[in-house]
Amino acid sequence: MTAAGTRTLAARACGAMARRVLRAAVLVLIASACALQAAVSVLDTYYSPKNKERPVRSSTRFIILHTTEGTLRGSGAKLQKNGEAHYMVDTAGRIYRIIDRKRVAYHCGRSMWNGLSSLDNYSVGIEVVGFHDKDPTAAQCTALKNLLDELKKAYKIPDNKVLTHSMVAYGAPNQWHKRSHRGRKRCAMRMALPSVRRKLGLASKPAIDPDVKAGRLVVADKELQQLLYSVEKKAAPKTPAPKPASGKKTPAAPPPSSTKKPQPATTTPAKPPSAKPPATGPGVVGPKHSPWDIAKTAYNASTTLYEFPDGTKKTGAEITNWKAIPAGTKVTVGGAETPSAPPAPPAAETAPAAPSATAAAPAPAQPVPAVSPVAGEREPASDPDAPVSEEEATARYAAKEAELGSLVIGPKRSAWDIARDAYNAPTTIYEFPSGIKKTGAEITNWRAIPAGTRVTVGEADDGNEPEPVSTLGDAGFSKGAFGEVANAALAALAGAEWNSARTIYVQPDGTYFRGDELDAAKLGALSPETKVFSGYKVGGPVTATNPAFNICGPSWRDEGTHFLLPGGEIVTGDKIDATKIPPRTMVLYKD
Ligand SMILES: [Zn+2]
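Residues numbered from 1 in each chain as written. Predicted model: local features only at pLDDT ≥ 70, side-chain atom pairs only at ≥ 80, totals over all residues. Heavy atoms only, no water.

**Overview of the overall build of the chain**
Item 1. Per the secondary structure count, the chain includes 14 helices and 24 strands.
Item 2. Split into buried and exposed, the 591 residues of the chain put 52% on the buried side.
Item 3. Long-range contacts, defined as pairs at least 24 residues apart, comprise 69% of the intrachain contacts of the chain with a sequence gap of at least 6.
Item 4. Total accessible area computed for the chain in this model is approximately 26,300 Å², and 60% of it derives from carbon and sulfur atoms. (Helix = DSSP H or I, 4+ residues; strand = E, 2+ residues; numbered from the N terminus. Buried < 20%, exposed > 50% of the residue type's maximum accessible area, 1.4 Å probe, protein only. Contact = heavy atoms within 4.5 Å. Areas by Shrake-Rupley, 256 points an atom, 1.4 Å probe, with all protein chains shown as cover.)

Set out below in structure tokens:
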């Protein structure tokens, strides 16, 4: 007994010494590794258990910045539980690792940039503890700069691909905005301001919103958009900007968008009555030539010109009623551009913004139900499309906030204006003038909310969960719709990837096909209930010898993985019972 005890003690002492030696060696190793890589040090307090389920990203093209809209402890717990970021930076400048940076974290939700959607698959996400309308602390800026420097270097990401969540998030059509739109989130909006970016070591940023420019999205919050794309007042000592200093008063080219600007808002409906004998031919709308056939994804671009038989002209961005385009309308892709302004090449994201049809386009194009005409509308700026200075944009944003009152619904402020995509969340509380309270989840009739209703939005940067699966009906597709309506829906839901192999269309009966398999017959068979999986692959079927793990690895258990059962039912990976997967089940997954 005693001998055994002694031996144990000796062994323990020995082990302790070995551990000390080992620890010293490890410390030396870590120190030298640090010296070599100058890696930022991270804390594991909020390291997420979701790590083991998450697939490794195949490419990393962006860094996306967020604000948690809450305090350290609450935000950290939520991010950890759901695996909703790669890093979190607290107000003291401490950096926490949440998800390994090579794996997918769910931080963007419904997102798009330059036609690429589901950006979780292509980005590293950093949550900054704080609020969208407050600048990060000095300590946060220092920490963020170090972290960004490391990530930019590791993934070869230029400064103008470091974006804010508010830049890339977009909303599906809803009660207030009939088209897919920017403005779903205000997350991290101040990190788009030149003065803040400078503190983060970011020398450049995108000059325009490429998806608005291409007509894939409309702008639902003009002041927010002006803030995101605001410029420095003067060509300040903003050193390595490889572009002509973008002073707001001196745009490189004279406003090219003048073709459409004088368009009075009153003539919006594209419905010239004279639907008479059509001139036919390529570029002319006819029974067999829809705008889509002619212009493809540029059908609703601000650069595509429609000349109606009665002589009126509109750009694609100005047209809302696509069913009313009369036969004989002439379509010229690129026709709305001034000849002198060359079509901005891919560099458009960074170019000094030929102040194009970005922000102004949606004003007429948006059939908003009387709730959100915005304050900025009455400013008769010389060129409404010109980039606004940071000071000016900040002031306009603040003025709108002040004018509309922050949290009370009124004639100019809808539930969406206040709560954005949390408008129907169970954590958003509506207190009616009568004193009755309801959560967003309990409200069904959004038109019946009386003015004076007070809205309280729950904390936390929500809406980051895996990009929700949408149906074509969500984007306005209805049975018997014209082809271009269907195609507009496809483009709105899957961006430029609507016809790629990574977009999967699942019919209500469970049949499915890839975007690159779309042909006329398949298009014709689409229904409003068709689900669209953007950025996915299909594998399977799952069998006893080919379990889901073999198909997509540990992410088979993930909430972002979908099991397509033979009858058409879809069950997510976190809900599937592995012992009861029926034969012929397929797996939709990200990799
Ligand atoms: Zn966010």
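From this point, the discussion proceeds with the structure in view.
**A closer look at the sheet that holds strand 19 (residues 512–514)**
The strands making up a sheet associate through backbone hydrogen bonding, with each pair oriented either parallel or antiparallel.
Item 1. Strand order in the open sheet made by the four strands is 17-20-18-19, with antiparallel pairing throughout. Either end of the sheet is taken by a strand with one partner, and the two such strands are strand 17 (470–471) and strand 19.
Item 2. Relative to strand 19, strand 18 (residues 503–506) runs antiparallel, the two being bridged by three bridges. Counted as the bridge partner of I504 is R514 from strand 19. (Pairing = 2+ DSSP bridges.)

**Looking at the sheet that holds strand 21 (residues 537–539)**
Item 1. Overall, antiparallel pairing links the four strands, which are arranged 21-24-22-23 in an open sheet. Every other strand in the sheet has two partners, leaving strand 21 and strand 23 (570–572) as the edge strands with one partner each. The sheet shows a mean angle of 25° between the axes of neighbouring strands, taken without regard to direction.
Item 2. Strand direction decides the pairing type here: strand 22 (residues 562–564) and strand 24 (residues 586–589), joined by three bridges, are antiparallel. If you follow H562 over to strand 24, its bridge partner there is L588. (Axes fitted to C-alpha atoms, helices over the stretch in contact; angles between N-to-C directions.)

**Here's the deal with the pairing of strand 24**
Item 1. Residues of strand 24 alternate between two faces, with M586 and L588 on one and V587 and Y589 on the opposite face, all of them buried.
Item 2. Summarising the sheet, strand 21 and strand 24 pair through three bridges and their orientation is antiparallel. Within the sheet, the bridge partner assigned to K537 lies in strand 24 and is Y589.

**Some points on the environment of Q80**
Item 1. As for its position among the elements, Q80 is in helix 2 (residues 72–82).
Item 2. Classification of Q80 as partly exposed rests on a relative accessible area of 23%.
Item 3. Taking the C-alpha atoms as reference points, Q80 and S48, separated by 32 residues in sequence, lie 4.4 Å from one another.
Item 4. A polar contact is formed between the side chain of Q80 and the backbone oxygen of T45, at a distance of 3.5 Å. (Polar contact = N/O pair within 3.5 Å; in protein donor to acceptor, adjacent residues only side chain to side chain.)

**What about the pattern of salt bridges?**
Item 1. Applying the stated criterion to the full structure yields 21 salt bridges.
Item 2. K152 is the partner of D149 in a salt bridge, and the nearest nitrogen-oxygen pair spans 3.6 Å. Here D149 pairs with K152, and both are found in helix 3 (residues 138–155), just three residues apart, close to one helical turn.
Item 3. The salt bridge partner of K522 is D519, with a shortest N-O separation of 4.0 Å.
Item 4. The class for K522 is partly exposed, based on a relative accessible area of 28%.
Item 5. D519 sits in the partly exposed class, given a relative accessible area of 35%. (Salt bridge = Lys/Arg side-chain N within 4 Å of Asp/Glu carboxyl O.)

**Focus: unusual backbone geometry**
Item 1. With an omega of 0°, the peptide bond between G540 and P541 qualifies as cis.
Item 2. The phi torsion at E69 lies on the positive side, around 60°, for a residue other than glycine.
Item 3. The topology assignment puts E69 in the loop between strand 1 (62–67) and helix 2.
Item 4. Its identity is not glycine, yet N114 carries a phi of approximately 55°, on the positive side.
Item 5. Position of N114 relative to the elements: it lies in the loop between strand 4 (112–113) and strand 5 (116–117).

**Side note on the packing of aromatic side chains**
Item 1. Going through the model one piece at a time under the given rule, you end up with four aromatic pairs.
Item 2. Consider the rings of W176 and Y423, whose centres lie 4.8 Å apart with planes at 85°: the pair is edge-to-face. Linking W176 in the loop between strand 8 (170–171) and strand 9 (181–182) with Y423 in the loop between helix 11 (415–419) and strand 14 (429–431), this pair joins segments that are 247 residues apart in sequence.
Item 3. A relative accessible area of 4% means that W176 is categorised as buried.
Item 4. The exposure class assigned to Y423 is buried, which follows from its relative accessible area of 14%.
Item 5. In this structure, R97 is placed above the aromatic ring of Y47, and the distance from its NZ or CZ to the ring centre is 4.1 Å.
Item 6. Sitting over the ring of F513, K522 keeps its end group 5.9 Å from the ring centre. (Phe/Tyr/Trp six-rings, centres within 6.5 Å; stacked < 30°, edge-to-face > 60°. Lys NZ or Arg CZ within 6 Å of the ring centre and 35° of its normal.)

**As for the confidence of the model for the chain**
Item 1. Taken as a whole, the chain shows an average pLDDT of 75; of its residues, 69% reach a score of 70 or greater.
Item 2. The low-confidence segment residues 1–14, where pLDDT is below 50, has zero contacts with residues more than four positions distant or belonging to other chains.
Item 3. Contacts of residues 28–37 to residues separated by more than four positions or lying in other chains number two contacts, the stretch itself having pLDDT below 50. (pLDDT = per-residue confidence, 0-100.)

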